[in-house]
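Fold and contact review
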Amino acid sequence: MPQFNQTGRPMPHLPTPGRGLIITLCLLQGLLLYFFFSDHIPARFAGFSHNIYGQTMAFTLPVLISLSVVHLNDRRLWASVALLALLLAGMATWVKSNIAETSADSVLVSFNLSLALLVYFVLPWLQVQTFPAANRYRYASLSACYSQNTLSAMLTFLLMLLAVGVMALCAALFRLVGIEYFHELFFETPLFMYLVYGLLLGASIVICRTQPALINTTRHIIRFILKGLLPLVAFVALIFLFVLPFTGLSTLSQAWSAASLLTTMALSILLLVNVVRETDSEVKPYPRAIRLLVNAAILLLPLYAILALYATGLRVSQHGWTPERLRAVLLIVITLLASLCYSLSVIDKHPGWLPRITQLNKPLSVLVVILVIAANSPLLDPYRISVNNQIARLDKGKIQAKDVDLKWLRFDTGRRGNDALAALQQHPAFTADPRLLTAVKNMMAQTSRWGSYNDKNAAELAKNYRVEEAKKRIQLAKGATSPDDAWWKNLPLLEEYRNTLRDCLSLQGACIVNTLDLNNDRQKEVFLCNTLDAPSVNCRIYARQAGKWTQAGELYLYEEKDKSALITALRNGEVKPMQRKWSDVQIDGKRRVIHYNHDEE
């Protein structure tokens with residue numbers, strides 16, 4: 001391995017058989033990622049692809065083994081890998097229990113991010129199993145492993161950028177002479193790109209593990225740059241804390257991303273301190289004045305985590321728990337603990353600089369692993385906690401039924417959210433309001449967050465469509481004339497967005513139709529508005545062109561304060577055409593649309 005101890009001496013050497021195994025494993029990972037993640041696999045394998053267990057193992061095990069293996073007969077390493085595989089299988093089983101057909105992506109994305117974080121913090125503990133017993137769990141060994149893994153990731157990313165650039169140049173050159181083969185191979189053949197990723201990953205790992213001088217030099221350059229950055233970041237952190245009492249905490253409650261910015265600042269200082277501390281473990285870094293500046297920033301670092309926790313707490317008290325807020329709180333808690341530990345190191349009487357952080361980092365890294373596992377298990381299941389909290393807020397009257405985010409329950413919280421959404425059909429707050437009950441039923445039928453339904457439901461909707469029923473269900477605005485029969489008959493074909501037609505036929509008065517002359521051609525266009533959607537009123541404009549009705553435009557009306565007044569205006573026919581104040585132009589016989597900076601009146 002290319003890890004180094006404090007004197008720069010390389011640690012366990014990687015023999016030739018291990019290098020071959022690494023390349024083979026990374027190519028195999030590329031093939032498995034294509035098989036389990038790609039949508040382009042042959043139909044005969046469709047039943048085996050996108051398997052949660054296969055995705056989990058393909059995403060993690062090849063990387064864990066490639067960065068850890070030294071001798072193929074190392075029983076200690078393979079036993080550790082087997083234990084990790086069992087742990088990963090358990091996490092995958094729990095995640096699988098929460099996957100619903102319509103929300104698999106939202107659950108799997110967060111799960112894969114958790115796996116990446118888990119691999120990063122577990123990997124050094126796996127790598128040191130191949131070290132001599134005397135150095136196995138020393139901080140220097142673990143720190144060297146973290147450095148190697150970070151450099152491997154950076155090198156892989158750089159190689160990928162270079163490879164894509166070369167392939168793009170090659171494809172463009174051959175396209176000049178009419179040869180499309182290389183463009184199709186490089187950018188329209190997913191299997192090829194997955195294998196390229198595997199090859200480049202294997203190459204970067206082998207380089208990092210067999211070129212100790214090169215990697216050591218790279219580490220020193222990066223540390224030199226970051227060492228100069230730490231005083232600047234520390235100065236910014238102190239200035240912000242100095243200004244905050246004059247602006248007040250109320251500004252934090254009004255900011256949208258206050259907690260994320262505060263946490264990022266705290267984590268940045270923690271990371272930079274670790275880099276500088278590892279570089280200058282024996283000699284105190286910086287001149288005294290600069291070191292005092294950095295020490296002051298570290299000493300006050302817990303304030304950033306406390307402020308971030310306060311800002312997140314405000315959001316939770318106002319809007320309840322969500323999976324993102326729960327994960328944010330876990331991250332802030334880790335940041336707070338690390339900040340407190342580093343602050344105590346500043347006031348330590350030991351003559352060295354921050355002498356205790358080398359002892360504190362090991363339990364902190366183990367705590368991160370434990371929390372990642374807990375957040376993907378029954379212990380801290382973010383979806384169960386969030387859904388239960390939101391339903392409890394509804395039951396206690398903290399939120400009204402109309403404010404429940406049905407789309408969030410359907411598409412962002414997995415099976416827990418879908419079960420809660422189904423249960424809302426019997427909830428008194430929804431059964432008492434036909435509009436809300438219809439919205440819940442329609443949301444249950446949706447197959448995507450953009451409002452589409454499955455083919456069976458769409459075909460059934462079109463088959464059972466009756467003009468007479470549609471005229472009864474869709475309300476005609478006051479003073480408006482009804483559209484002609486041709487428009488009514490063609491409405492299922494005109495309405496691309498199946499949710500609008502479904503909403504219109506689900507509840508009487510949910511949709512409002514008006515007829516207006518919107519283009520001064522003395523023919524009235526149809527103005528159809530769907531008011532059933534909670535956040536907005538969606539309107540479609542239909543015009544007759546070449547004797548046929550077609551959709552000519554759309555309008556989304558967002559009225560957070562008084563949506564009922566907007567709906568009342570639509571029902572009363574209070575819709576009037578407004579001509580544009582500023583005109584477009586015609587140049588060379590063609591109309592050119594001008595996008596004006598002025599607000600049109």
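In case you missed it, the structure is sitting above this.
Residue positions within a chain follow its written sequence, with the count starting from 1. Predicted model: local features are reported for residues with pLDDT of at least 70 only, side-chain atom pairs are reported and counted for 80 or more only, and whole-chain, interface and lining totals are derived from all residues. Processing note: side-chain calculations cover all non-hydrogen atoms of the structure and skip hydrogens and water entirely.

1. Quick look at the sheet that holds strand 5 (residues 548–557)
As a reminder of what qualifies: Two strands pair if DSSP finds at least two bridges between them. For helices the rule is a DSSP run of H or I covering at least 4 residues; for strands it is a run of E covering at least 2, with both sets numbered from the N terminus onward. Throughout, a residue-residue contact means that at least one pair of heavy atoms, one from each residue, lies within 4.5 Å. Only C-alpha atoms enter the line fits that serve as axes; for helices the fit covers just the stretch in contact. Angles between N-to-C directions range over 0 to 180 degrees.
Within the open sheet, the five strands sit side by side as 1-2-3-4-5. Their pairing is mixed. In this open sheet, the two strands that pair with only one neighbour each are strand 1 (475–476) and strand 5. In the packing of helix 22 (residues 485–494) onto the sheet, the strands contacted are strand 2 (511–516), strand 3 (525–530), strand 4 (537–545) and strand 5, and the crossing angle to strand 5 comes to about 65°. Set on the sheet, helix 24 (residues 563–571) makes contact with strand 1, strand 2, strand 3, strand 4 and strand 5; between it and strand 4 the angle comes to about 25°.

2. Description of the environment of Leu-555
Rule in force here: Exposed residues in this analysis have more than 50% of their type's maximum accessible area, buried residues have under 20%, and partly exposed residues fall in between, with area computed by a 1.4 Å probe over protein chains only.
Relative to the assigned elements, Leu-555 resides in strand 5. When its relative accessible area of 33% is taken as the criterion, Leu-555 is described as partly exposed. Along the sequence, Leu-555 and Leu-566 sit eleven residues apart, while their C-alpha atoms lie 13 Å from each other. For Leu-555, the residues in contact, after removing those within four places along its chain, are Phe-527, Val-537, Asn-538 and Cys-539.

3. What to know about the packing of aromatic side chains
The test is simple: Centre distance within 6.5 Å is the pairing criterion for rings of Phe, Tyr and Trp, where only the six-membered ring of Trp is used; planes under 30 degrees apart are then read as stacked, over 60 as edge-to-face, and the remainder as tilted.
With the rule as written, the count across this model stands at 16 aromatic pairs. Counting every residue linked through ring pairs, the aromatic cluster contains Phe-174, Tyr-181, Phe-182, Phe-186, Phe-187 and Phe-192.

4. Considerations on a nonpolar patch on the surface
Put simply, the rule is: The patches reported here contain residues having more than 30% relative accessible area and no salt bridge. Joining distances are 9 Å for like charges and 5 Å for nonpolar side chains (Val, Leu, Ile, Met, Phe, Trp, Tyr). Calculation of accessible area relied on Shrake-Rupley with a 1.4 Å probe; when residues are assessed, cover is drawn exclusively from the protein chains displayed. Salt bridges are counted wherever a side-chain nitrogen of Lys or Arg sits within 4 Å of a carboxyl oxygen of Asp or Glu.
There is a patch of nonpolar side chains on the surface, built from Leu-229, Leu-232, Phe-235, Val-236, Ile-239, Phe-242, Val-243 and Phe-246 and spanning about 790 Å² of accessible area. By the secondary structure assignment, Leu-232 is in helix 8 (residues 212–247).

5. Things to note about helix 8
Selection criterion: Residue count minus one, scaled by 1.5 Å, sets the expected span of a helix. Here the bend at a residue means the angle between the axes of two seven-residue stretches, the one that ends at it and the one that starts at it.
Taking 1.5 Å of rise per residue, the 36 residues of helix 8 would be expected to cover 52 Å, and the 51 Å separating its terminal C-alpha atoms lies within 8% of that figure. Its axis deflected by about 25° at Leu-229, helix 8 carries its strongest bend there, up to four residues before the proline Pro-231. Taken as a whole, helix 8 has its buried residues at Ile-215, Asn-216, Arg-219, Arg-223, Leu-230, Pro-231, Val-233, Ala-234, Ala-237, Leu-238, Leu-241 and Leu-244. Residue Gly-248 follows helix 8 closely and has a positive phi angle near 90°.

6. As for the pairing of strand 5
In regular strands, side chains alternate between the two faces of the sheet. Of the strand pairs in this sheet, strand 4 and strand 5 are connected by nine bridges, and their pairing is antiparallel. Of the residues in strand 5, the one forming a bridge with Ala-543 is Thr-550. Hairpin connection between strand 4 and strand 5: a loop of two residues separates the two successive antiparallel strands, and Ala-546 in this loop has a positive phi of roughly 55°.

Keep in mind that these numbers describe shape and distance, not what the molecule does.
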